[in-house]
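Residues per chain are reported as follows:
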Amino acid sequence: MERTTITGGHGLPLGRAEYGPPDGPVLLVQHGLFGSAELGDPWLDRAEAHGVRLVAVERPGYGRSAPAPMTAVADWCAILDPLLELLCGRAGAPIDVVGISAGAPYTYALAALRPERVRAAWLLSGLPYVYDDAVRGLYPDASLRAWEFYGTADPAEVAASFAEAHDRLVAAFPDVPHLVRALEESRATGYVGPALEARLQVHPWGFEPADVLRPVTAWHSRGDDQIPFAAAERTVAMVAGGRLLEQVEPGHLPSEAVLDALFAAVAQREPDDPRGG
């Protein structure tokens, strides 16, 4: 894996990494709250097996991407435009985009505000539209207190809270080394990226799920211990034609079966059959 940078919108350096064959169908990967452009072996193996070109990009404050004064999730689109132009090529062929956990809002954003660049959008344990009171209210009380803190506290306080929880966060991913490395990177930069993200999640996104114009398919587990299934279900229902498929295996991380279905669908480029036939 080689992690490089590209100049994004407003001159912002964006970190990225590519995997799989360079001439395969493109799948743009948007990482979670504690992530980076580094992906694990399950992703790399499937990219090679299915002939999919994976491009993972880091949002402001993560990895090699410089912090940026974003005021809404929608701001990401202008920052990402140069990379989208590069990936879509001269013919402007739209690409597939997948959001993992907290990468979901940014995937919704592209499907709503850059529909000409997106063929289909995919969500894995995706963060719901928590700006909406009804959606956020489906979370347990402890999570509601956290959302209140993220939305009202100074970002430096939020970053400090993540730094204080660092050892516990690392312990939560004993079998996912690339996420542990991402956490170490976030600690080295003072958790500025996650702190910004947490704030943007509960502030107006700059669009609504109903504005999404491209096919959206989401996988979510009823046994997700971080994001309530009902909140994901309500968010996907706001999207015209949105489809929610149940991940049978419990937990927040996408299962092997879900990754198999995702890559099969992207390789076949059949947005109407997210399970790959």
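A. Layout of the nonpolar core. Grouped together as the largest cluster of nonpolar side chains are 41 residues, with contacts concentrated most on L28, L80 and Y108. Where this core is concerned, the elements lending two or more residues are β3 (26-30), β4 (53-57), α2 (75-88), β5 (95-100), α3 (104-113), β6 (118-124), α9 (192-201) and β7 (216-221). A total of 8 residues in this core trace back to one element, the largest contributor, which is α2. Dropping the residues within four chain positions of it, L80 is found in contact with L14, L28, Q30, V57 and L110.

B. Molecular detail of the environment of L200. Relative to the elements of secondary structure, L200 occurs in helix α9. You can call L200 buried: its relative accessible area is 4%. Here the alpha-carbon distance between L200 and A218, two residues 18 residues apart in the chain, equals 21 Å. What L200 contacts, discounting residues up to four positions off in sequence, is M70, T71, A72, V73, Y106 and W205.

C. Here's a closer look at the packing of helix α6 (residues 155-164) against α9. Where α6 contacts α9, the two axes come as close as 8 Å, and the packing angle between them is 120 degrees. With respect to α9, the axis of α6 lies oblique. Here α6 and α9 pass one another in a crossing that is right-handed. Facing α6, whose interface residues are P155, V158, A159 and F162, α9 presents P194, A195, A198 and R199. Residues belonging to the contact of α6 with α9 are distributed by class as follows: 7 nonpolar, no polar and 1 charged.

D. The pattern of salt bridges, seen in detail. According to the stated counting rule, one finds 13 salt bridges in the structure shown. Notably, a salt bridge pairs R3 with E185, separated by 2.7 Å at the nearest N-O pair. With R3 in strand β1 (residues 3-7) and E185 in helix α8 (residues 177-188), the pair connects residues that are 182 residues apart, well separated along the chain. A salt bridge links E38 to R181; its shortest N-O distance comes to 2.5 Å. Of this pair, E38 sits in the loop between β3 and α1 (41-50) while R181 sits in helix α8, and the two are 143 residues apart along the sequence. A relative accessible area of 41% means that R181 is categorised as partly exposed.

E. Here's a closer look at the side chain of E197. Turning to its location among the elements, E197 is positioned in helix α9. Take E197: its relative accessible area is 3%, and that puts it in the buried class.

F. Summary view of the sheet that holds strand β2 (residues 13-19). An order of β1-β2-β4-β3-β5-β6-β7-β8 is seen for the 8 strands of this open sheet, with the pairing classed as mixed. With partners counted over all chains shown, the strands left at the sheet margins are β1 and β8 (243-247), one partner each. Strand-to-strand, the axes of this sheet are offset by a mean angle of 25 degrees, without reference to chain direction. Pairing between β1 and β2: 5 bridges, direction antiparallel. Residue pairing across strands places T5 opposite G15, the latter belonging to β2. Sheet strands in contact with helix α10 (residues 229-237) are β7 and β8, and its direction is about 160 degrees off that of β8.

G. Spatial organisation of unusual backbone geometry. One non-glycine residue, H10, adopts positive backbone phi at about 65 degrees. Note on placement: H10 falls in the loop between β1 and β2. For S101, which is not glycine, the phi torsion reads 50 degrees and is therefore positive. Here S101 shows up in the loop between β5 and α3. Under the relative-accessibility criterion, S101 is labelled buried at 15%.

H. Broad picture of the state of the cysteines. Enumeration according to the criterion identifies 0 disulfides in this entry. With no disulfide partner, C77 has as its closest neighbouring cysteine sulfur the one in C88, 12 Å distant. C88 sits in the buried class, given a relative accessible area of 4%.

Rules used throughout
Residues numbered from 1 in each chain as written. Predicted model: local features only at pLDDT ≥ 70, side-chain atom pairs only at ≥ 80, totals over all residues. Heavy atoms only, no water. Core = buried A, V, L, I, M, F, W, Y, C linked by side-chain atoms within 4.5 Å. Buried < 20%, exposed > 50% of the residue type's maximum accessible area, 1.4 Å probe, protein only. Helix = DSSP H or I, 4+ residues; strand = E, 2+ residues; numbered from the N terminus. Contact = heavy atoms within 4.5 Å. Axes fitted to C-alpha atoms, helices over the stretch in contact; angles between N-to-C directions. Parallel < 35°, antiparallel > 145°, perpendicular 65-115°, else oblique. Left-handed = near helix turned anticlockwise from the far one by under 90°. Nonpolar A, V, L, I, M, F, W, Y, C, P; charged D, E, K, R; others polar. Salt bridge = Lys/Arg side-chain N within 4 Å of Asp/Glu carboxyl O. Pairing = 2+ DSSP bridges. Disulfide = S-S within 2.5 Å.

Keep in mind these numbers describe shape, not what the thing actually does.
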